[in-house]
Structure formats: structure tokens, C-alpha cells
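A structural walkthrough
The primary structure of each chain is shown beneath.
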Amino acid sequence: MNNQYENNNKFFSRFLINYGQELVLLASIIILFVVVSQVNHRFLGGNNLNTIFAGNAYIGVAAIGMSILIITGNIDVSVGALIGVLATICGTLAVSGYPIWVAWTAPILVGIAVNSLVGIIVAYAGIPSIVVTLGMMSILRGGLISVTGGDWITDMPEGFFLAQQDFMGIRVPLLALIFFTILMFYIMSNTTWGRSLYAIGGNPEAARTSGIDLKKGVVIAFAVHGMFVGLSTILFATQLNIIQSTVPPNLELTVITASVIGGVSIMGGTGTVIGSSLATILFAAIGSSLIFIGVSAYWLRAIMGILILCTVLADMARRRRVVT
Amino acid sequence: MRMKSIFRHETILFLVVIAALVILSIQAEQFATIDNLLNQGRFLTEVSLVALIMTFVIVTGGIDLSVGSILGLSAIVLGVAWKKLGLPLPLAILVALSVGTLAGLFNGIIITRFKVPPLIATLATLALYRGLAEGISQARSIRGYPEWFFVLGQGEFFGIPTQLWIVAFFTLLTGFILTYTTWGRATYAIGANETAARFSGIAVDKTKLFIYAASGFAASLAAIIFVSRVSTTRSDMGMGLELDAITAVVLGGTSIFGGKGTIVGTFFGLILIQILKNGLSLAGVKSDGTYIAIGLVLILTLLISNLFNRNSEG
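Our subject in this report is the structure included herewith. The structure displayed is predicted, hence computed values, not measured ones.

1. A few points about empty space enclosed by the protein
By the definition in use, this model includes 3 cavities of 30 Å³ or more. By volume, the largest cavity amounts to about 110 Å³. Lining the largest cavity are 13 residues; nearest its centre among them are Val77, Ile130 and Leu253 of chain A together with Leu65 and Leu119 of chain B. Those elements that place two or more of their residues in the lining of the largest cavity are α5 (129-148) and α10 (251-261) of chain A together with α5 (118-137) and α11 (241-251) of chain B. In terms of residues, the lining of the largest cavity owes the most to one element, α10 of chain A, which gives 3 residues. A per-class count over the lining of the largest cavity returns 12 nonpolar, no polar and 1 charged.

Okay, here's the thing in C-alpha cells:
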């Protein structure tokens, strides 16, 4: 009896240690939905939820890649600029008469290529990823404006707008986010490659002595991140009927914040992609619910900032309690 | 040995600056004129003030992403305190400087007291401070400052733009503090090995608090000079400033892992970025092209510098 209780307790506390942040986020999302739907009944209307989640799913998909990178102890501040560049490539190919599948594949391939290059510089030249991607951000941003000249891309062919489509009543971006979250969660917790990512970030020396090629591991992590940036771009570029030559300001910081609030430690070695996807959904829900309960749009960012800060402090408190 | 490698990076940077100056003055006649160079100094001021203190922050192994937002918030506080609350402008300037310093101090408290990694703490306050600026101003700009106020951002003093004197003063001051004082040595010690620094009796938390508060102060001082230069206050001022400042610091050879870096390096980094921006635009390259050049210079300089350092060690 006693023994079983202890076992249960042990299981429970291990569950808390491993998935504490994910549980906090899930609880926050549920509480938020309950409270806001009491204030304004239209909030839970199916269409509204679909719009919130679908419009932000591309951030979640990019955050999956970012989480993989951060778990290996690296970071990418150029992700916003890269999404802008890839979206332009995607749209330009579509309007120049290439088949739609080419327009959709190109951002994934270019994303992998650009980030593999960054990964090679990081791994083999030993320059910290924050610095290399800072430089890359500047290059991509400048490249984007000088190529597009600030013009918007319009008149994409029929069938291009993947993100506007429904599948069994759910918008495609949300489905994509759920699919990739579950897929990557499975891969990262159950495959040798997935576990090696945690090892590289958690204790590089131990990872090296246990036979992991650190440099190759980092390059591959960057390449996989590049693939997710490409996938994110497809959702971003096909959600509206125009492709602007700009991305939302501070997009890279939004993506990094989603990963970090999702429980991915910036020191590397811990966290899951479920956390980062939940964080993306929470942010989207907070933003929308503030509008539904009638808060002035100008105060949105300040309130988001306070909430991010509270989540971070709560997470620090939880981690300290679990450790001691 | 380490001193040597630091010296080497700065030498490389110095040579790059000279090369850029020579090439650009051949390419564009208007570039190498005193008037143009002094004028460029004006544009350099805001990012310089922030980057000088950012050098301290990064040397401790930290980072401050919220400086751009603090600049925006201070600018709005300045405008609102003066126009809406009716305070005299000098008092409004003091209020803005205090708010900026407090914002920096708040960063420091989150980082030292609650042990939140600096990247995350300042990422959160980046959103918070920018949000406060937007909320307070309701996205309306404030104009109509009195004539005397523009002396700071548009005036001259002994034939040299006023703000350049301020930058020169702060460059010498921060350079002196980082190199020759106990505070400066403590900054390096914290960045090199925080635990060791703590055990050797350095007031680690106090030093960090002071540095983050100084970073907030620098951002708010930059805000006041910025407002004076462009004669208006807007809530989106200083957006992206943090990345410009960090680029300059890192280009100057400061290690992003902490423990290594100099003000001289940051100074060269700042100058190189500005002459590239200006020189290339005078030489007919579109302003977007200069971003590409800055990104390339950042990566290539570090690549070359790393290669040299590796050789000297091996």
C-alpha cells in the first residue's frame, strides 16, 4: 500500500518535473477560455477560435524549429527576416507561372540551405550562433528590401492559398501545427537523434565522449530548424491574398519567447515542443481575449509583457522548488 | 597571451576601418569632408551611448535586449511629462532619465534577485516597456518643443555637434572605468567566472544591478538626444536599437560569453558601422545594400579574427 503510494508520488513528481511548464500553460489556456467566455459569449464561437489559432500557427511551427535549436544550446535571431525572404521567394515563384508545388517546396529547400550554412559557420568556425544569426538577419533584411523594393506580391494563382483551406472543419495551419508538434515530440523523446539533441545542449563534453559528433549534430539541428522555418513560411505566405515585403516587427523575438515560455531552457538541454506550441496558442488567445473584453489595443503589448514576465517568474519559482 | 589576442582583434578592426575610409573616399567625393563626417557623428550618438554600456553588460556575460524599448518609453515619458502634465522641460528631462534608470534597475532586479537569465528577462521587459510607451502615448506623437532644447541634438559647440562632446565624454569615462578601476576589473571577473568572483568577495549582484541601471540610464539619455535631434516624440522610437548596439559591441571583439572585451573595440565597431552606412549610400549603394554589408562585415571580421586567434594559440 505504502509502497504503491510512494511510487505514485514519485511518478507524479517526475511528471511535474518533466512537464510542469506544459501543465501550467494548459491550465492557463483553460482558465483564460472559461473566464473570457463568461465576459463575452462570442469568444468561444467556433469561427473565432479557428481564426485565432490559424492566424498564429505559423509562429508555432517556427517555434518548433527554434526549440530544437535552443535545446542544443543555440539560438536564431534571423528567423523573422528569413520568413520574409522565403515568403517573397514563394510568392514570386507562384506568380511567375511555376507549378504550385514548386512554390511550396522552394522555401523549405532555401530555408534548409541558409540555416545549414549558418550551422556550418557556428559549428566549424566556433562563432556563437547569436552573433552569426545577427549578421545573417542584417544580410537577409537588406537583401529582402533591395530585391522587392517594398512592393507587395498579389495575383497568386488559384490553389496557392494553403493556409486558407479547411480540412474536416479545422483550418490547415492549426492541423499542421498539431501534426508537427506531435511528430517532433515523438521523435525528440523516442529516437536516438532526438535524445542526442538534449545531450548536445545539456552536457556537450559528456555527449562527445559518448560518441556523438557535436559539430555534425549542430549543423543538422540548424538544417531541421531551417526546414521548419520553410514550413512556417508556407503558412505565413498563403494566409492572405497578398504577400507584403515585411513581416510583423520583432517576429524573431515572438518566436524565441514562445519557445522559452514553453519551458525550453535558454541554457539548452531541456524543454519540449509541446510547451512551445501551447505557449503560441496561449499568446494568441490572450491577444484576442483582451480585445474581446474591451481593452484598448494600445495597451495590448504592455499587458502581454506583464504576462510573459509573470510566466517567467512562476517558472523560475517552480524550477527552484523541484530542484531542492 | 589573452591580452595579445584582444589586441590582435582590435588591430584587424582598425585596419578594416582604415581600408573602408580609403576605399569610400575614393568612391565618393563628398564622403571625406569634415562636414559630412561630423554630421555622421550625430547619427551615431544614440547607438553609441547604448553600446558603450552594453559592452559592460556583455562582458559580465549578460545581455540587454530592452534598451530600444527603454529609449521609446523614456522619450514618451519626456513628452507626456512636459506637454500633458505641464512640467518645465528640464524637470521633464530629469523624470525621463529617472524612468529609464528605474527600468534598467528593474531588469537588474529580475536578473539578480530572481535568477532569470538576462536574455529572457530583457526579452520580457522589451515587450513590457514598449507596451507602456504605446499605452501611455496612445500612439500619438508629441511635437512643439522649445527652441533651446534643440541645441542638444542639432546645435554645435566649438564647431562640433553638441552630442559628439557627450559621446566623447562617455567613451573616455567608460573606457577608464572598465580598464583602470576596481569596478571594471570586477566586471571582467564576473564574466569570466561568476562563482569564483563571488568567492573572492566581489559584490556580484550589486555590480550587475549597477550595470543594468546604467544601461537604462544610457538608453534614456539617448532618448533625450534623439528627441532633440528629430524634434518629435513617438512611441516606436529606438525599435531594433538593441541589435544595432549588440552588433557594434560584438564587432568590437567583445565575447558574447563574457569575460572579454574593450571599449576601444566597441568604439571602432561603432565607427565602422556608421562609415559603411554613410559611405556606401554616398557611393550610390541603396540603403538596403548597407544592411547586407554590415551583416557580411560582422561575420567575416569574426571569422578572420577567430582564424588568427586559433593560429596564435596552436
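Moving on from the model shown.
2. Remarks on the layout of surface pockets
Gaps between atoms show up when a probe of the same size as a water molecule is rolled over them. Taken as a whole, the second largest pocket spans an internal volume of roughly 1300 Å³. Every residue lining the second largest pocket is counted, 48 residues in all, and those nearest its centre are Arg141 of chain A together with Met239, Gly240, Asp244 and Tyr291 of chain B. For the lining of the second largest pocket, the elements supplying multiple residues, two or more each, are α3 (79-95), α5 and α10 of chain A together with α2 (34-59), α10 (204-230), α11, α12 (263-282) and α13 (287-313) of chain B. When residues of the lining of the second largest pocket are assigned to their parent elements, the largest contribution, 8 residues, is made by α5 of chain A. Broken down by class, the residue content of the lining of the second largest pocket amounts to 23 nonpolar, 18 polar and 7 charged.

3. Considerations on a nonpolar patch on the surface
A contiguous nonpolar surface patch, about 620 Å² in accessible area, is contributed by Leu26, Ile30, Ile31, Val34, Val35, Val39 and Ile293 of chain A. The exposure class of isoleucine 293 of chain A is partly exposed, given its relative accessible area of 39%.

4. Points about the packing of α11 of chain B against α12 of chain B
Residue and element names in this part refer to chain B. As a packed pair, α11 and α12 sit with axes 7 Å apart at the nearest point and diverge in direction by 120°. Put simply, α11 runs oblique to α12. Here the hand of the crossing between α11 and α12 comes out right-handed. Here α11 contributes Asp244, Thr247, Ala248, Val249 and Leu251 to the contact with α12, which in turn contributes Thr266, Gly269, Leu270, Leu272, Ile273 and Lys277.

5. Topic: α5 of chain B
Between its first and last C-alpha atoms α5 of chain B spans 28 Å; for 20 residues at 1.5 Å apiece the expected length is 28 Å, and the two agree. In terms of residue burial, α5 of chain B counts as a mostly covered element, since 17 of its 20 residues are buried.

6. A few points about the environment of valine 95 of chain A
Residues and elements named next belong to chain A. Summarising the element assignment, valine 95 is placed in helix α3. Owing to a relative accessible area of 38%, valine 95 belongs among the partly exposed residues under this scheme. As a C-alpha pair, valine 95 and isoleucine 127 span 32 residues in sequence and 39 Å in three-dimensional space. Once you skip the residues sitting within four places of it in the chain, valine 95 turns out to touch Ile153, Thr154, Asp155 and Met156.

The rules behind the values
- Residues numbered from 1 in each chain as written.
- Chains lettered and ligands numbered in written order.
- Predicted model: local features only at pLDDT ≥ 70, side-chain atom pairs only at ≥ 80, totals over all residues.
- Heavy atoms only, no water.
- 1 Å grid on protein atoms, 1.4 Å probe; cavity = no way out; pocket = protein on both sides within 12 Å on 5 of 7 lines; lining within 4 Å.
- Points joined across faces, edges and corners; volume = space filled by probe spheres on them.
- Helix = DSSP H or I, 4+ residues; strand = E, 2+ residues; numbered from the N terminus.
- Nonpolar A, V, L, I, M, F, W, Y, C, P; charged D, E, K, R; others polar.
- Patch = residues over 30% accessible without salt bridge, like charges linked within 9 Å, V, L, I, M, F, W, Y side chains within 5 Å.
- Areas by Shrake-Rupley, 256 points an atom, 1.4 Å probe, with all protein chains shown as cover.
- Salt bridge = Lys/Arg side-chain N within 4 Å of Asp/Glu carboxyl O.
- Buried < 20%, exposed > 50% of the residue type's maximum accessible area, 1.4 Å probe, protein only.
- Axes fitted to C-alpha atoms, helices over the stretch in contact; angles between N-to-C directions.
- Parallel < 35°, antiparallel > 145°, perpendicular 65-115°, else oblique.
- Left-handed = near helix turned anticlockwise from the far one by under 90°.
- Contact = heavy atoms within 4.5 Å.
- Expected span 1.5 Å × (residues − 1).

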